[in-house]
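If you want the building blocks of each chain, they are given just below.
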Amino acid sequence: MTPAMNGVVIGGAAGIALAFAGLAFGFWGLVLVAVLGAVGAVVGAAVTGRLDLRAAFDAARGRRVG
């Protein structure tokens, strides 16, 4: 499977999971699932080294990065 196809499959699975959360828990349940999923993705990216949190915070503060 190509990396682009892997992203499509993961995105589709996430969409299906959010749809089920919306059906089961209503709008605020859907929002909670989406927010917690995003937090989990950021933590996972930081742990694996794919995201440099220090550089991200510096860029958010307007400091020059790189």
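About the thresholds
- All residue numbers refer to position in the chain's written sequence, counted from 1.
- Totals for whole chains, interfaces and linings use every residue, but because this is a predicted model, local features are given only for residues with pLDDT of at least 70 and side-chain atom pairs only at 80 or more, for both listing and counting.
- Working from all heavy atoms in the structure, the side-chain values ignore hydrogens and water.
- UniProt positions are given in the numbering used here, feature names are shortened, and annotations may be inferred rather than shown by experiment.
- Working definition: helices are DSSP H or I runs of at least four residues, strands are E runs of at least two. Numbering for both runs from the N terminus.
- Just to be clear on terms, a salt bridge is a Lys or Arg side-chain nitrogen sitting within 4 Å of an Asp or Glu carboxyl oxygen.
- Put simply, two rings from Phe, Tyr or Trp (the six-membered ring, in Trp's case) pair if the centres are within 6.5 Å, and we call them stacked under 30 degrees between planes, edge-to-face over 60, tilted for the rest.
- Type-normalised accessible area, obtained with a 1.4 Å probe on protein chains alone, sets the label of each residue: buried when under 20%, exposed when over 50%, and partly exposed for intermediate values.

Under an unreviewed UniProt entry, the name given to the chain is Putative membrane protein, and the source organism is Schumannella luteola.

Chemist: Looking at this structure, how should I read the UniProt feature "transmembrane region" (unreviewed entry) in the chain?
Modeler: With numbering matched to this structure, UniProt assigns "transmembrane region" (unreviewed entry) to residues 7-25 and 31-53. In residues 7-25, helix accounts for 100% and strand for 0%; the two terminal C-alpha atoms are 26 Å from one another. The distance separating the terminal C-alpha atoms of residues 31-53 is 24 Å; by composition the span is 83% helix and 0% strand.

Chemist: Where do I start with the pattern of salt bridges in this structure?
Modeler: Working definition: two side chains of opposite charge can pair if their charged atoms are close together. Applying the stated rule across the entire model yields 1 salt bridge. A salt bridge links Asp 58 to Arg 61, with the nearest nitrogen and oxygen atoms 3.8 Å apart.

Chemist: Mind showing me how you'd approach the packing of aromatic side chains here?
Modeler: Two aromatic rings are characterised by how far apart their centres lie and by the angle between their planes. Overall, the coordinates contain 1 aromatic pair when judged by the stated rule. Both rings, one in Phe 27 and one in Trp 28, keep their centres 4.9 Å apart while their planes meet at 75°; by these two values the pair is edge-to-face. On the basis of relative accessible area, Trp 28 is assigned to the exposed category, the value being 66%.

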